[in-house]
Amino acid sequence: QVQLVESGGGLVQAGGSLRLSCAASGGTFSVYAMAWFRQAPGKEREFVAAITWSGSNTYYGTSVKGRFTISRDNAKNTVYLQMNSLKPEDTAVYYCAASTVRRPYYSHYVREDSYNYWGPGTQVTVSS
């Protein structure tokens, strides 16, 4: 079992920055990848970014590429999402996810169904 807790969400003006953190505990030795997804009101959950546990591979959704950066600190069992140049359309609940499922290709970790553990989410609101 892997437990995930997100933090760092809040209210920020357009153009500003936030850093989200996701602390993992439990069976972290079995984690292959971690990711951030987001869900805005009335919309489906959207892939934001993913990182393999070794940190050797990262992936980004097209709407955040160049603005967001995912990183990890394995010593702290924590994954971060640095969000810069925030836009009102980035407003959503951001979820941290972990996968203990080994996929044949790292690129599969952009898929929501690759993840079997989820955090409760943290709200990010970007005002215009």
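Use the structure listed above.
Q: How should the state of the cysteines be read in this particular structure?
A: Put plainly, two cysteines are in a disulfide when a covalent bond ties their sulfur atoms together. According to the stated counting rule, one finds 1 disulfide in the structure shown. Covalently, C22 is tied to C96 through a disulfide, its sulfur atoms 2.0 Å apart. Disulfide C22-C96: torsion about the S-S bond near -80°, hence left-handed. Taken together, the residues C22 in strand 3 (residues 18–26) and C96 in strand 9 (residues 92–99) connect sequence positions 74 residues apart. Each member of the pair, C22 as well as C96, is classed as buried.

Q: Help me understand the environment of Q82 in this model?
A: Within the secondary structure, Q82 sits in strand 8 (residues 78–83). For Q82, a relative accessible area of 27% translates into the label partly exposed. Sequence spacing of Q82 and E46 is 36 residues, and the spatial spacing of their C-alpha atoms is 17 Å. Filtering out sequence-adjacent residues up to four positions away, Q82 remains in contact with S17, L18, R19, R67, F68 and T69.

Q: Is there a simple way to think about unusual backbone geometry in this case?
A: Trans peptide bonds make up most of the peptide bonds, and negative phi angles are found at most residues other than glycine. Despite not being glycine, N77 has its phi angle at roughly 50°, a positive value. Tracing the sequence through the fold places N77 in the loop between strand 7 (68–73) and strand 8. When its relative accessible area of 23% is taken as the criterion, N77 is described as partly exposed. The backbone of S85 sits at a positive phi, close to 50°, despite the residue not being glycine. Following the sequence through the fold, S85 ends up in the loop between strand 8 and strand 9.

Q: Sorry if this is basic, but what is going on with the pairing of strand 1 (residues 2–7) here?
A: Looking down a regular strand, the side chains alternate between one sheet face and the other. Residues V2, L4 and E6 of strand 1 are buried on one face, while the alternating residues Q3, V5 and S7, pointing to the opposite face, are not. As defined by bridge partners, strand 1 adjoins strand 3 across 6 bridges and the pair is classed as antiparallel. When the bridges of strand 3 are listed, S7 appears paired with S21.

Q: Honestly, the pattern of salt bridges in this entry has me stumped. Any pointers?
A: Side chains that differ in charge, positive against negative, can pair when their charged atoms come close. Tallied over the full model, the rule gives 5 salt bridges. The salt bridge partner of R45 is E112, with a shortest N-O separation of 3.0 Å. Here R45, found in the loop between strand 4 (33–39) and strand 5 (46–52), pairs with E112, found in the loop between strand 9 and strand 10 (117–118); they are 67 residues apart in sequence, far enough to count as distant. Overall, the relative accessible area of 26% leaves R45 in the partly exposed class. On the basis of relative accessible area, E112 is assigned to the partly exposed category, the value being 34%. For D113, the salt bridge identified is with R111, shortest N-O distance 3.1 Å.

About the thresholds
- Along each chain, numbering runs from 1 in the same order as the chain's sequence is written.
- Selection of residues for local features in this predicted model requires a pLDDT of at least 70, selection of side-chain atom pairs for listing and counting requires 80 or more, and totals for whole chains, interfaces and linings are taken over all residues.
- Side-chain numbers come from the whole structure's heavy atoms, not from hydrogens or water.
- A pair of cysteine sulfur atoms is labelled a disulfide when the two atoms are within 2.5 Å.
- Starting at the N terminus, helices and strands are each numbered in turn, a helix being any DSSP run of H or I of at least four residues and a strand any DSSP run of E of at least two.
- Per-residue accessibility, obtained with a 1.4 Å probe over protein chains only, is compared with the maximum for each type, and a residue is labelled buried under 20%, exposed over 50%, and partly exposed between these values.
- Any two residues whose heavy atoms approach within 4.5 Å at even a single point are treated as in contact.
- Think of it this way: DSSP has to see at least two bridges between two strands before they count as a pair.
- In what follows, salt bridge is the name for a side-chain nitrogen of Lys or Arg lying within 4 Å of a carboxyl oxygen of Asp or Glu.

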